[in-house]
Amino acid sequence: MSGLRWASEQVAAITSTGHRLLEANAGSGKTTTVVGKILWHLGVPLGVDEHGVPVPACPDHLRLGLDQIAAITFTEKAAYDLASKLRKEIRRHAPELLWDIDRASIGTIHAFCGSVLREHSLRFGVDPGFRVLDERESRLELKAVVKEVALEAAQREEPAARLLLARYDLDNDFEHSKGVVDYLGAMVRDLRWHRERYDGWAVGDRLDWARLDALAGGGDAKDADSAEVCDALVMLGRRAVERWEAYLAAENLKDFDALILDCRDRLLDPRGQPALASIRSRARLLIIDEFQDTDSAQRDIAFRIAGLDGSPVNGTAPQLFLVGDPKQSIYGFRGADIAVWNEVAAAVGAPLSLSRNYRSVPAVVDYVNQAAGSVIAEAGREASAEL
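Because the structure is a prediction, the values reported are computed rather than measured.

### So, the side chain of His41
In this fold, His41 is placed in helix H2 (residues 30–42). Note on His41: relative accessible area 3%, which makes it buried. Separated by 3.0 Å, the side chain of His41 and the backbone oxygen of Leu62 make a polar contact. Apart from the residues lying within four places of it in its own chain, the contact partners of His41 are Cys58, Leu62, Arg63, Leu64, Leu285 and Gln319.

### With respect to the environment of Tyr198
The topology assignment puts Tyr198 in helix H9 (residues 195–201). For Tyr198, a relative accessible area of 8% gives the class buried. Expressed as a C-alpha distance, the spacing of Tyr198 and Asp208, which sit 10 residues apart in the sequence, is 9.7 Å. When neighbours within four sequence positions are excluded, Tyr198 is seen to be in contact with Met187, Asp190, Leu191, Val234 and Arg238.

### Points about the packing of helix H12 (residues 256–268) against helix H14 (residues 296–306)
Their axes nearest at 9 Å, the elements H12 and H14 cross at an angle of 35 degrees. In the packing of H12 onto H14, the handedness of the crossing is left-handed. In this structure, H12 contributes Ile260, Leu261, Cys263, Arg264, Leu267 and Leu268 to the contact, and H14 contributes Ala297, Gln298, Asp300, Ile301, Arg304 and Ile305. Residue composition of the contact of H12 with H14, grouped by class: eight nonpolar, one polar and three charged.

### Some details on the sheet that holds strand S3 (residues 105–108)
Across a sheet, strands are paired by hydrogen bonds formed along the backbone, either parallel or antiparallel in direction. Within the open sheet, the six strands sit side by side as S3-S2-S8-S9-S1-S10. Their pairing is parallel. The sheet is open, and its two edges are formed by S3 and strand S10 (352–354), each paired on a single side. Each strand of the sheet is rotated relative to its neighbour by a mean of 15 degrees, with strand direction disregarded. In this structure, strand S1 (residues 20–24) lies alongside strand S9 (residues 319–324), joined through four bridges in parallel fashion. Bridging from a neighbouring strand, Arg20 pairs with Phe321 of S9. Against the sheet, H2 engages S1, strand S2 (69–73), strand S8 (285–288), S9 and S10, with an angle of about 165 degrees to S9.

### Focus: the pairing of S1
Here S1 pairs with S10 via three bridges, running parallel. If you follow Leu22 over to S10, its bridge partner there is Leu352.

### Let's talk about unusual backbone geometry
Negative phi is the rule for most residues except glycine; trans is the rule for most peptide bonds. Of note in this structure, Asn252 is not a glycine but carries a positive phi near 55 degrees. Examined against the element boundaries, Asn252 turns out to sit in the loop between helix H11 (223–251) and strand S7 (253–254). Residue class for Asn252 comes out partly exposed when judged on its relative accessible area of 24%.

### Section: the pattern of salt bridges
Counted under the stated rule, the structure contains 31 salt bridges. One salt bridge in this structure joins Lys30 and Asp289, with 3.1 Å as the shortest N-O distance. With Lys30 in helix H2 and Asp289 in the loop between S8 and H14, the pair connects residues that are 259 residues apart, well separated along the chain. Summarising the burial analysis for this pair, Lys30 and Asp289 share the class buried. Asp300 is paired through a salt bridge with Arg264; the nearest N and O atoms lie 3.3 Å apart. On the criterion of sequence distance, the pair formed by Asp300 in helix H14 and Arg264 in helix H12 is long-range, its members being 36 residues apart. What you see here is one network of salt bridges that share partners, running through Arg264, Asp265, Arg299, Asp300 and Glu343.

### Things to note about the pairing of S9
By the criterion of burial, S9 is predominantly enclosed, with six of the six residues buried. Of the two faces of S9, both are covered, the one formed by Gln319, Phe321 and Val323 as well as the one formed by Leu320, Leu322 and Gly324. Looking at chain direction, S8 and S9 are connected through four bridges and run parallel. By the bridge assignment for S9, Ile288 is matched with Leu322. With H14 bridging S8 and the parallel S9, this β-α-β connection has right-handed handedness.

### Here's the deal with the confidence of the model for the chain
Do not read the predicted coordinates in detail wherever pLDDT is low. Overall, the predicted model of the chain reaches an average pLDDT of 88, with 93% of residues at or above 70. Mean pLDDT across the elements of the chain ranges from a minimum in helix H16 (residues 362–386), with 67, to a maximum in S7, with 98.

### Side note on the nonpolar core
Counting 36 residues, the largest nonpolar core has Leu21, Phe112, Cys113, Leu267, Phe291, Ile301 and Val344 as the members making the most contacts within it. Of all the elements in the fold, those that place two or more residues in this core are S2, helix H4 (109–119), H12, helix H13 (273–282), S8, H14, S9 and helix H15 (339–348). Not counting residues within four places of it along the chain, the set of residues in contact with Ile301 comprises Phe112, Cys113, Ile260, Cys263, Arg264 and Leu267.

### A word on the packing of H14 against H15
Close contact between H14 and H15 brings their axes to 10 Å; oriented N to C, the two are set at 25 degrees. It follows that H14 is roughly parallel to H15 by the angle criterion. Between H14 and H15 lies a crossing of right-handed hand. Between H14, through Ser296, Arg299 and Phe303, and H15, the contact on the second element is made entirely by Val340, Glu343, Val344 and Ala347.

About the cut-offs
- Residues numbered from 1 in each chain as written.
- Predicted model: local features only at pLDDT ≥ 70, side-chain atom pairs only at ≥ 80, totals over all residues.
- Heavy atoms only, no water.
- Helix = DSSP H or I, 4+ residues; strand = E, 2+ residues; numbered from the N terminus.
- Buried < 20%, exposed > 50% of the residue type's maximum accessible area, 1.4 Å probe, protein only.
- Polar contact = N/O pair within 3.5 Å; in protein donor to acceptor, adjacent residues only side chain to side chain.
- Contact = heavy atoms within 4.5 Å.
- Axes fitted to C-alpha atoms, helices over the stretch in contact; angles between N-to-C directions.
- Left-handed = near helix turned anticlockwise from the far one by under 90°.
- Nonpolar A, V, L, I, M, F, W, Y, C, P; charged D, E, K, R; others polar.
- Pairing = 2+ DSSP bridges.
- Salt bridge = Lys/Arg side-chain N within 4 Å of Asp/Glu carboxyl O.
- Right-handed = clockwise from strand over helix to strand, strands pointing away.
- pLDDT = per-residue confidence, 0-100.
- Core = buried A, V, L, I, M, F, W, Y, C linked by side-chain atoms within 4.5 Å.
- Parallel < 35°, antiparallel > 145°, perpendicular 65-115°, else oblique.

Given below as C-alpha cells:
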C-alpha cells in the first residue's frame, strides 16, 4: 500500500499464522489491515512498518490464490467496501491479479451459506432452485403464519391463547408496544436459533419450571404471572415454528435465518463430510468481520470448516482470521451473542489487538479515555464476569 507505514500491531495481525482473533477498536484501520492480510497471503510486498523495518514476506508455503480466500462481512455494504479497497490495491501493486479478483469469495454470511447449500445441494439433499425471501417479504409472511396460529388457538379457546389475548392485543401496529403476533414472532426466532436450549428447558410442549427454578437459583411469587405468559408463548411458538418451516419447505423458500441454520445443520451432519472436505480443500483463509455480532450457528460453521470442533480433518483446513470489537456488539436482537466472542477467545487464544485510533482527533481520544476510561474498563470487567 503506497506510502503506508504499518503500525506494529497491524504487522503482527497481517503476518500471523494459525487461527487468530483480532480485537479492532473503532477507527483503528481494521479494513486496511484485512486488505493487508489478503495481500500478504497473495505475496504482494507491503513496504515497511512505522519504524522503517520491511514487513516480512509471506513464506512460500502460505501463499494463496484469490480463489483460496473467503471473507465474510456483516452487511452487503461492508462486503462491497472491502472488495473495492482490495481491487484498488491490487490494481496498484499487483495488476496481473486483477483478472482473478472476482474469484475471491467476499460477501455476507447469508451469501456464503446460500452458496454452500447450492454448490453441494445433491450431497445435502437440497433443491438448488430455492428462492431467498428478502427481509420485508419474510417478515410479512411470518406475521401471517403466526397470526393464523394464534387465531386458530383462540377459536379453539385454548388456555394459552386466552391468557395472551387477555393481556395483549392480537396485532399492534404502534411503534412502542407489541401484540400477541409480535411476541409470538420473536418466540419463533428464538426457538429456531436455540432449539436445543428450549428442549432442555421443556417437558413436551410445556416449560419445566422446576428445572428453570433450579437454574435460576429459585424464583418468587412475582414470577408466577410471567411464567404463565412464557409458557403460553413457547407452546404456541413451537406450533408456529412447525407451520413456518413447513411453508418454507413446501414453497422451496429460505429466509435469512434458514440459510444459516440449514447450512450449519448440514455441515455438522456426518453425511455432510464430502461437502466439508471440498470446502476445506479450496478455502485456505477464512476471514470473518464484525465477529462480535456473530452467533452460535455462525461460530459452529466457522469451527466446523476449520476443524476446531474436534471433527476429523483429512488433509488441510483453512486458517480462521476473526475480526471484531466486543465493545461494539449491538445486534443481540438479531441473535448475536457476545458470549460467543469469549468462547472463541478461549478456543483460539488471547486476541491480537488494534488499539490505535486513526479516525478521531488525538486530543478528543485522550479526553474521552481520561474521562470515561475507568467506567468503560469496569463495564468490561462486569460483562466478562457475567458472560
